[in-house]
Amino acid sequence: MKFKLTPLNFATAFFIVLALITWLYKPVSVTGNDLKQWTGTIALIFFFFGIVASFLDLIFRNFFPQTKTLWLVEMSFILFTAVIYLLVRH
């Protein structure tokens, strides 16, 4: 079995590292207010995002066996998700 690097692999690694950094090193601060009691919860949310990204990567790998197509679909998915996030945020 060959290991393929894909954009969702990078997203999974990013979310897991972010969860570990949030949980171990930094108390969470939003708009200047310390949220030390929420640090573990926010770290779990980032960890959950990493698990979801990993699961989506497995799903996309089953539907698109070619690496070029897989990269295109996953990058489109990430871009689409970011655009929806930015539209809903405001």
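Residues numbered from 1 in each chain as written. Predicted model: local features only at pLDDT ≥ 70, side-chain atom pairs only at ≥ 80, totals over all residues. Heavy atoms only, no water.

### Notes on the environment of Phe-77
Stage number 1. Here Phe-77 shows up in helix α3 (residues 67-89).
Stage number 2. In the structure, Phe-77 is positioned 69 residues away from Leu-8 in sequence and 9.3 Å away in space, judged by C-alpha atoms.
Stage number 3. When near neighbours in sequence (up to four residues on either side) are disregarded, Phe-77 contacts Leu-8, Leu-56 and Phe-60. (Helix = DSSP H or I, 4+ residues; strand = E, 2+ residues; numbered from the N terminus. Contact = heavy atoms within 4.5 Å.)

### A short note on the pattern of salt bridges
Stage number 1. Under the defined criterion, the tally for this structure stands at 1 salt bridge.
Stage number 2. The shortest N-O distance in the salt bridge between Arg-61 and Asp-57 comes to 2.9 Å. Of this pair, Arg-61 and Asp-57 both sit in helix α2 (residues 39-63), 4 residues apart, which is roughly one turn of that helix.
Stage number 3. What makes Asp-57 buried here is its relative accessible area of 5%. (Salt bridge = Lys/Arg side-chain N within 4 Å of Asp/Glu carboxyl O. Buried < 20%, exposed > 50% of the residue type's maximum accessible area, 1.4 Å probe, protein only.)

### Let's talk about the packing of helix α1 (residues 7-24) against α3
Two quantities define a packed helix pair, namely the angle between the helix axes and the distance between the axes.
Stage number 1. α3 packs onto α1 with a crossing angle of 45° between their chain directions and a minimal axis gap of 8 Å. Between α1 and α3, the angle is such that the two are oblique. Contact with α1, carried on its side by Pro-7, Leu-8 and Phe-10, involves Trp-71, Glu-74, Met-75, Phe-77 and Ile-78 of α3 and no other residues of that element. (Axes fitted to C-alpha atoms, helices over the stretch in contact; angles between N-to-C directions. Parallel < 35°, antiparallel > 145°, perpendicular 65-115°, else oblique.)

### Concerning the packing of α2 against α3
Stage number 1. Axis separation between α2 and α3 bottoms out at 10 Å; the angle between their running directions is 140°. The angle between α2 and α3 places the two elements in the oblique class. Considering how the two elements wind past one another, α2 and α3 form a crossing that is right-handed. Along its contact with α2, which presents Leu-56, Asp-57, Phe-60 and Arg-61, the element α3 presents Leu-70, Val-73, Glu-74 and Phe-77.
Stage number 2. Among the residues making up the contact of α2 with α3, the classes are represented as 5 nonpolar, no polar and 3 charged. (Left-handed = near helix turned anticlockwise from the far one by under 90°. Nonpolar A, V, L, I, M, F, W, Y, C, P; charged D, E, K, R; others polar.)

### Some remarks on a nonpolar patch on the surface
Stage number 1. A surface patch of nonpolar side chains, about 610 Å² in accessible area, is lined by Phe-3, Leu-5, Phe-10, Trp-71, Met-75 and Ile-78.
Stage number 2. It is α3 that contributes the most residues to the nonpolar patch, 3 residues altogether.
Stage number 3. Mapping Phe-10 onto the fold places it in helix α1.
Stage number 4. Assessed through its relative accessible area of 47%, Phe-10 is described here as partly exposed. (Patch = residues over 30% accessible without salt bridge, like charges linked within 9 Å, V, L, I, M, F, W, Y side chains within 5 Å. Areas by Shrake-Rupley, 256 points an atom, 1.4 Å probe, with all protein chains shown as cover.)

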